[in-house]
Amino acid sequence: MIRRLVQRVQDSVQTLLTRKPRSRRTPKRIAAAEHGIDRALVSKHAIRTCETLQAAGFRAYIVGGAVRDLLLGIAPKDFDVATDATPEQIKPLFRRAIIIGRRFRLVHVMFGNETIETSTFRALGTGEKDTDEHGRVLADNTFGEQNEDAARRDFTVNAMYYDPTQQEVLDYHDGVRDVRRRRLRIIGDPEGRYREDPVRMLRAVRFAAKLGFEIDAETREPIGRLAGLIENVPAARLFDEMLKLLTSGHAVGCIERLRAEGLHHGLLPMLDVILDQPQGERFVMLALSRTDERVRAGKHIAPGFLFATLLWNEVLKQWDARVAAGEHRLPALDLAIDRVLEAQTEKLAIQRRYSSDMREIWMMQPRFERRNGQAPLRLLEHLRLRAGYDFLLLRCDCAEAPAELGQWWTNFMNADEETRVRMTQQRTESAAAPRKRRRGGRRKSGAGAGTDTEATAGAEGGDANG
Ligand code: ATP
Ligand code: MG
């Protein structure tokens, strides 16, 4: 009797000390009248996925971020479903469904252009053997109970299940309460959960900025100490997470929070350097706030363009240095780009299609300086002209390129053919005037300050695949 009591006390102390994600066996069940989810915001395809699984005798719920957004009255951007059916049981129930993933397989159920990611409840990690020396989880691929599936999710507000048939929310970790209090609280022991997966620190920042939530003190505390663990995250994963962060519609808020938490160092290898230089910071922040506006207006964001803005200052710096050392402008730019992309790819797997976009946008910049003769007419045919031009305007807005140059291109692009030819002829005439006169208010010196004539030779070669 006494022994059992002692054992129980020991167990409780142990639980308190380690604060493992507690998997409450039975969830709170919250009825429609209380949670107030507006069914009009729920994807009919997500409902159909749940209904089909339920009709086949399985349990199925909308889960994760979608439930959180629904509780906030926001239309979720995508829907995930969790079920006790295995991938092999899920797939045959739908006309268009594919099993994806190796380590943990899940099913993409497709309706038109909407995909409902449907996964089987997952078990909690089984122990040390699945983690690296910092505690990062390397493999987790066993199916489990719903309460375990809830406990392995990151934040309480991301661990709720919504049954669209019963219109009931199942809540294992007081997520509903935290949504109401606008609190971001990690499930389980914060330090342990960040060690398992350091990306959760970035997610905390992203959700806090995007949802306007407060990060709970205990959830926040270890972040400063553990920021260095981000280094161990595989590059491809880090890239995906950075992209989510930068295209959240709250990139400016995210960057500010990253800095406040000491997380911006080592994220984008050069971001910290850039943010420490006033000129670089101005450019990056302006680019990010434009991105935020676009996202909020529901417009498309090209990742290549975004990363091109983030790394431009580094390209400029290296370009200037090479030109100062006597290299020709265009080859110097090409090499500067090589170096910057190399350095980034090591840490952040910028996919090739994005890095080739970046290169084209950057290589186009000196070509905008050539406004005489055939050159600008040829540039109009460049497939990525729009991106290059938007990039130029951003540079003009930061006074890194002359405002007059951006204005000229705006006029030129909007003009009819006849006017365009006249504009390039006017330039040709003025090009005959003494050079120094022609270029007032150019960038300081070096790389960006080349003349029309100098740019001519290399620009032809710089036209990668335009
Ligand atoms: P978003 O609105 O950005 O899509 P989300 O919460 O849906 O937010 P996802 O990355 O789509 O985020 O992940 C879906 C769900 O999977 C999360 O809500 C969470 O429950 C779980 N999850 C995702 N990443 C992690 C992680 N690193 N650790 C634990 N759980 C995670
Ligand atoms: Mg999601």
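Above this text sits the structure in question.
Here's a quick rundown of the structure. (Residues numbered from 1 in each chain as written. Chains lettered and ligands numbered in written order. Predicted model: local features only at pLDDT ≥ 70, side-chain atom pairs only at ≥ 80, totals over all residues. Heavy atoms only, no water.)

The next thing to look at is the overall build of the protein chain. Scanning the protein chain from terminus to terminus reveals 23 helices and ten strands. Split into buried and exposed, the 466 residues of the protein chain put 50% on the buried side. Total accessible area computed for the protein chain in this model is approximately 22,400 Å², and 49% of it derives from carbon and sulfur atoms. (Helix = DSSP H or I, 4+ residues; strand = E, 2+ residues; numbered from the N terminus. Buried < 20%, exposed > 50% of the residue type's maximum accessible area, 1.4 Å probe, protein only. Areas by Shrake-Rupley, 256 points an atom, 1.4 Å probe, with all protein chains shown as cover.)

Among the nonpolar cores identified, the biggest contains 97 residues, and I62, L246, L263, L288 and W362 are the most heavily contacted of them. With eleven residues, helix α15 (residues 303–324) is the largest single contributor of residues to this core. Summarising the domain contributions, this core has at least three residues from each of domain 1 (24–180) and domain 2 (296–459). The contact partners of L288, leaving out residues within four places of it in the chain, are L246, A251, V252, I255, L306 and L310. With 15 residues, the next largest nonpolar core counts M364, L379, Y389 and W409 among its residues. (Core = buried A, V, L, I, M, F, W, Y, C linked by side-chain atoms within 4.5 Å. Domains from an automatic or database assignment. Contact = heavy atoms within 4.5 Å.)

Structurally, D174 is set in the loop between β8 (168–171) and α7 (175–181). D174 has contacts with R24, K28 and R185, leaving out every residue within four places of it along the chain.

Attention shifts here to the site of ligand 1. Lining the immediate surroundings of ligand 1 are 17 residues, of which N158, D197, R200, R206 and K244 lie closest. Between a nitrogen atom of ligand 1 and a main-chain N or O atom of D154, the distance comes to 3.1 Å. In isolation ligand 1 exposes 580 Å². Once the protein is present, 84% of that is buried. Sorting the residues of the shell around ligand 1 by element identifies α4 (65–71), α9 (199–211) and α11 (235–246) as the ones contributing at least two each. With five residues, the single largest contributor to the shell around ligand 1 is α9. Here the residues of the shell around ligand 1 sort into one nonpolar, three polar and 13 charged. (Near = heavy atom within 4 Å. Polar contact = N/O pair within 3.5 Å; in protein donor to acceptor, adjacent residues only side chain to side chain. Nonpolar A, V, L, I, M, F, W, Y, C, P; charged D, E, K, R; others polar.)

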